[in-house]
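# Summary of structural features
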Amino acid sequence: MPPLESIQAFLGKVRSHLYRSEGARWALWALVACGALALVLPVTARVLVGARTTALAILAIGGLAGAIAIAAAVTLGAIVPRKRWGSDVHVAKWVGGRRKEIASDLLSAVELTTKSGRGRIGRGVPSQDLIEALVGETATRVREVRTEALVPREPVRQAAWALAAIVVVNGAMIAAAPALVADGWHRLLAKPARPFDGASLSAVPLVGDIELRLTFPAYTARPSATLPSTSGDFRALPGTTVAITTTALEPAAQAEIVVEPTNGAPAQTLPMTIDGTTLRGAITVGGEARYRFQLEDALHKKVIEATPHQIELEQDQPPQVQLYAPAEELDVTDMKRVELAYVIEDDYGVTSAELVWEAGGDTGKKTITLSSPGTRAQGKLVWDLAEVPLPPGATVAYHLEAKDNDLVRGPNLGRSRTYHLRVFSPRQRHEQTLARQGETAEKLVKNLGGRLTLDADDLAVRDELHKESAEIVVELGTLVAAYGDDQMADKQLPKALDAMRGRIDKLVVAEGKGLDKLPRHPNDPTKVRGAGLRFAGGDRALVAELEDDAITLADWLDREQMEGLLDVADEIAAHQKRLTELMDQYAKTGDPKLKAEIDRELRALDQRLAELAQKRANMAEDVLDQFVHADALQDQRADSCLAEVRRLFQAGQTAEAQAQLAKCNHRLDDATQAMEQALGQLRGDKFSESEKKLDELMNDLADLAQDQRDIAAQSDKLFQRYADRADKLLSDHAKEAQKKLKSAVQKLQERVDEIPESGLTPFAKEELDIVRHRLTDLDKMLDDGDIAEALGMAKQAKQSLDTIAAELEAAIDDDPKSPWVGQTEDALDATERSLPPAKKLVDDLQALAPSPDQILSPDDRKDLDKLRRRQQANKDRAQRLVDRSKAMTPDLPGTAGEEIAQKVDQAKQKMGVAETRMGERDPSGAREEARAAADALDKARDRAKGAARQQQSEGQTGLRDEPIRIPGADEYRAPEKFREDILEAMKKRAPTGYDELVKRYYQELIR
């Protein structure tokens, strides 16, 4: 091939490669753009498309973007390359740009062989031979160049990789969210359906007046309502059936109601019946919506109203719940009962209520039996905290929840405000203060040890000991303040601690003044020669004082811990008594309700026995060895004993469980008595003077109680002789009297049964139980013909009814605006209706019973007079004991003096009544009052033992069903005298180096 043609062929190949490369490159980029559009368009449609116009706009934008991409690819891949590389000169320049070694020769050969180049030969250009030689040489060199290698492949590869990436992203999108992609394309491409199935919209009404009949859901108990000649708009509850009657204004072969929910749900078409021009249909309301009438003529042409009718939803409101509690926040013990009251109101009906509590992430519920279910429910309940596992210090949030009777959408839930209670008790507060006292005692012993080994001239150690002593003074002050508000602490304890604080403070202040005045060397202020001589006297006084105080603190700590043991023992005894009573009742009645109460008492005994063991473990071993006998610590055997009681009771062996419980009680009573003796020995050994005085009073009280028991026994014998003679006198007409009296008893029982318990206070409920028991006993005594005993029972029943009436009147007066006062008033009315038959029963029995003067023999009258004089003498002794107790109160442990004076005075009042009854020759009244006085003195002895150790109240009365009514948690306030001392001390300048310490303690004190 000639050289020139060879060069031209080479350039032609290069041009073809360039065309193909650019065409492929931009074609690929056009496909990348289309792939990106395929990715973006469905997502954009899913987000933005709500109307067809938006879809068309997005499609137009997408189509325009695709067209621009294709046009750009055609321009850049086909047109631009052909303009750029259409001539051999342009291709030669492009090749030269990549192959420098042939760039000049190739371009010269091409230019010289063109027509324009040949025309310039002979005018300063090489000859034809030279051109041919150049062409030949160039042709030889270009044969060695590979045209494929000249054109770069990287731009095409980049475009190919971009296309592959966009294909992968599209594939992943389809795989991950096929529904989104399909829905997006559907929104863009699907042809919109014609509204109302192609029916024509009518701007004028299709029907005349509309009559609506609303039938409400059955649970509302609302009567049906008719709305004549309406526009068709209405408001109704969910579940309401609306019957529609109207008149067609155009001929119709078929009629329908089209219901369109406002929440976007599909429209619903409901058929209507046609009777001439009258149309009838029905809608069941499910939510807010609008509806239209649609008519179809004989030619199947449909027309629908353009203006819809509105359906508004009437909401069934949740119940309004109000909970009434004793206070916003309560401090309680874990075995207390809390009285709560509630008022629940709902527009249609309340079906259930629950008390809900939460403690430490755990929740619990108690179902409440509604006393008056309906649209309004109110009543009271007693929440037994024994149902809730509450550790000491736990905080419980509780509220009331109620559900209504909505059967359409499900019950609506209403809830009350939230209240809180904290598991805490006076005994736990007392024990916390005791723990602080123990810590103070340890600091005092440590300070004493430091002073005994002190290098008298070492001022650094002396400064530190002085700071510690100042801390002890302040901590003793806080203990005095805490014990001042502590009902569990012996009243002598804060006095002893305050005196101790004053003595130590005086010595510490003197030491501080000496330290301030001491000349110190500037180079070593911690060493002053001869300093020990200056503090020798003060050191001896401080050491002696601290030694005495360490012993005193330890003695008081041992005493308070021993008294704490007996506090728990008191609670155990109270639970024992309660458990015994419950088992006796269950054995007689078999009432299944008593099982839960028995289980509660068994759990309470388990908890108290565990607490007793814990307290014993915390006591000093030397105190246990010296004072506490082994019989006082039988809690482990008691645990196994009670476990056997529980096993027998759960197995249905009630009699065996009662016998086993009696054994357990005997063991626990022995242990308690041993602990009482141990406490007496401890007090006698370390607090001998006050214990001696207490023993004297207790001995006098025991003698007085024994004499009163003798008087009561003699009164009982006199009454029995009187009762036997009375029964003989009445034996002739006993049957007739029994029939008349039993009828009166039955009438009174009926009146008592009419008293609604929902309106009673817990105390009134207890009295009502007493009334019922007395009436049962009265009925049995009438069967036995024991008129005298029956009269006593009748009097007691009437007295309890009087007590109930007074209690209910007081409850109404205390809170006349309470929401449940109506129930209390109903209970009071029923109680007052019971009083006349009770009084008549007493009068009938008194009229039937012979006069004591007719029955008592002369010897009986003499005995009754002697007994009256003995009762008068015993009453005078009681008064003298009251006076002595009041006078000795400051010197006795705890509140023993006050307790003895109060209880003996109550017994003295009973003695006075008994004396009067004896003077009136009333054997029945004399016996009852003498017994009551003896019981009061026995209780006075038991109570005095507890009062000597500041026995906490729940140990004796905490097991009653009386719910707690306590205010919010008490805030600690220091006594006024102590606060004055603090303010006075704050005015003084603290010694050098003590400022931060003093500041910290003042902040702690006034916090």
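What you see is a predicted model, and the numbers here were worked out from it, not measured in a lab. (Residues numbered from 1 in each chain as written. Predicted model: local features only at pLDDT ≥ 70, side-chain atom pairs only at ≥ 80, totals over all residues. Heavy atoms only, no water.)

Before going further, it helps to spend a moment on the overall build of the protein. Secondary structure summary: the protein contains 29 helices and 20 strands in total. Counting only carbon and sulfur atoms, one obtains 52% of the accessible surface of the protein, whose full area is about 51,300 Å². (Helix = DSSP H or I, 4+ residues; strand = E, 2+ residues; numbered from the N terminus. Areas by Shrake-Rupley, 256 points an atom, 1.4 Å probe, with all protein chains shown as cover.)

Turning next to the nonpolar core. Residues Leu-760, Leu-778, Leu-801, Ile-804, Leu-841 and Leu-845 are the most contacted members of the largest nonpolar core, which totals 33 residues. Listing elements by their share of this core, those giving two or more residues are helix H19 (734-753), helix H20 (762-784), helix H21 (787-814) and helix H22 (821-848). Examining the composition of this core, we find that 10 residues originate from one element, H21, more than from any other. Look past the residues within four positions of Leu-760 in its chain and what remains in contact with it is Ile-755, Lys-765, Leu-768, Ile-804, Leu-808 and Ala-827. Among the nonpolar cores identified, the runner-up in size contains 27 residues, and Val-350, Trp-357, Leu-370 and Leu-385 belong to it. (Core = buried A, V, L, I, M, F, W, Y, C linked by side-chain atoms within 4.5 Å. Buried < 20%, exposed > 50% of the residue type's maximum accessible area, 1.4 Å probe, protein only. Contact = heavy atoms within 4.5 Å.)

Bringing the sheet that holds strand E12 (residues 320-324) into the picture now. Hydrogen bonding along the main chain pairs the strands of a sheet, whether they run parallel or antiparallel. Strand order in this open sheet of 3 strands is E12-E14-E17, and the pairing throughout is antiparallel. Pairing within the sheet leaves two strands with one partner each, and these edge strands are E12 and strand E17 (376-384). Across the sheet, the mean angle separating the axes of adjacent strands is 20 degrees when strand polarity is ignored. (Pairing = 2+ DSSP bridges. Axes fitted to C-alpha atoms, helices over the stretch in contact; angles between N-to-C directions.)

It is worth spelling out unusual backbone geometry at this point. One non-glycine residue, Ala-221, lies in the positive phi region at around 60 degrees. Structurally, Ala-221 can be placed in the loop between strand E2 (210-215) and strand E3 (225-230). On the basis of relative accessible area, Ala-221 is assigned to the exposed category, the value being 69%. Positive phi outside glycine occurs at His-300, with the angle close to 65 degrees.

On to a nonpolar patch on the surface. Taken together, the side chains of Val-43, Val-47 and Leu-48 define a hydrophobic patch exposed on the protein surface, amounting to about 270 Å² of accessible area. Mapped onto the secondary structure, Leu-48 falls in helix H1 (residues 3-48). (Patch = residues over 30% accessible without salt bridge, like charges linked within 9 Å, V, L, I, M, F, W, Y side chains within 5 Å. Salt bridge = Lys/Arg side-chain N within 4 Å of Asp/Glu carboxyl O.)

In total, this model carries 32 salt bridges according to the counting rule given. Salt-bridge contacts for Glu-511 lead to Arg-451; the nearest nitrogen and oxygen are separated by 3.0 Å. Of this pair, Glu-511 sits in helix H12 (residues 492-517) while Arg-451 sits in helix H10 (residues 426-452), and the two are 60 residues apart along the sequence. Considered together, Glu-511 and Arg-451 belong to a single accessibility category, that of buried residues. Here Arg-931 makes a salt bridge to Asp-716, at a shortest N to O gap of 2.9 Å. Within this pair, whereas Arg-931 is found in helix H26 (residues 923-947), its partner Asp-716 is found in helix H18 (residues 688-730), the two being separated by 215 residues in sequence. Residues joined in a network through salt bridges with shared partners are Arg-451, Arg-462, Glu-511 and Asp-539.

The buried fraction of strand E6 (residues 254-261) amounts to 6 of the 8 residues, a majority that puts the element mostly inside the structure. Of the pairings in the sheet, the one linking E6 to strand E7 (residues 268-275) comprises 5 bridges and is antiparallel in character. Bridge pairing links Val-258 to Thr-269 in E7.

Attention now moves to the packing of aromatic side chains. Throughout the structure, instances matching the rule amount to 8 aromatic pairs. Seen in terms of ring centroids, Tyr-219 and Tyr-348 are 6.1 Å apart; in terms of plane orientation they differ by 85 degrees. Their pairing is edge-to-face. Residue Tyr-219 is located in the loop between E2 and E3, and its partner Tyr-348 is located in the loop between strand E14 (337-345) and strand E15 (350-359); the two are separated by 129 residues in the primary sequence. Residue classification places Tyr-348 among the buried residues on the basis of a relative accessible area of 13%. Ring centres of Tyr-586 and Phe-649 lie 5.3 Å apart, and the angle between their planes is 65 degrees; this geometry places the pair in the edge-to-face category. Of this pair, Tyr-586 sits in helix H13 (residues 531-589) while Phe-649 sits in helix H16 (residues 635-650), and the two are 63 residues apart along the sequence. The exposure class of Tyr-586 is buried, given its relative accessible area of 14%. What links up through ring pairs into an aromatic cluster is the set Trp-357, Trp-383, Tyr-398 and Tyr-419. The ring of Tyr-19 is capped by Arg-82, whose NZ or CZ atom sits 4.3 Å from the centre of that ring. Taking NZ or CZ as reference, Arg-222 lies 3.9 Å from the ring centre of Phe-216, over its face. (Phe/Tyr/Trp six-rings, centres within 6.5 Å; stacked < 30°, edge-to-face > 60°. Lys NZ or Arg CZ within 6 Å of the ring centre and 35° of its normal.)

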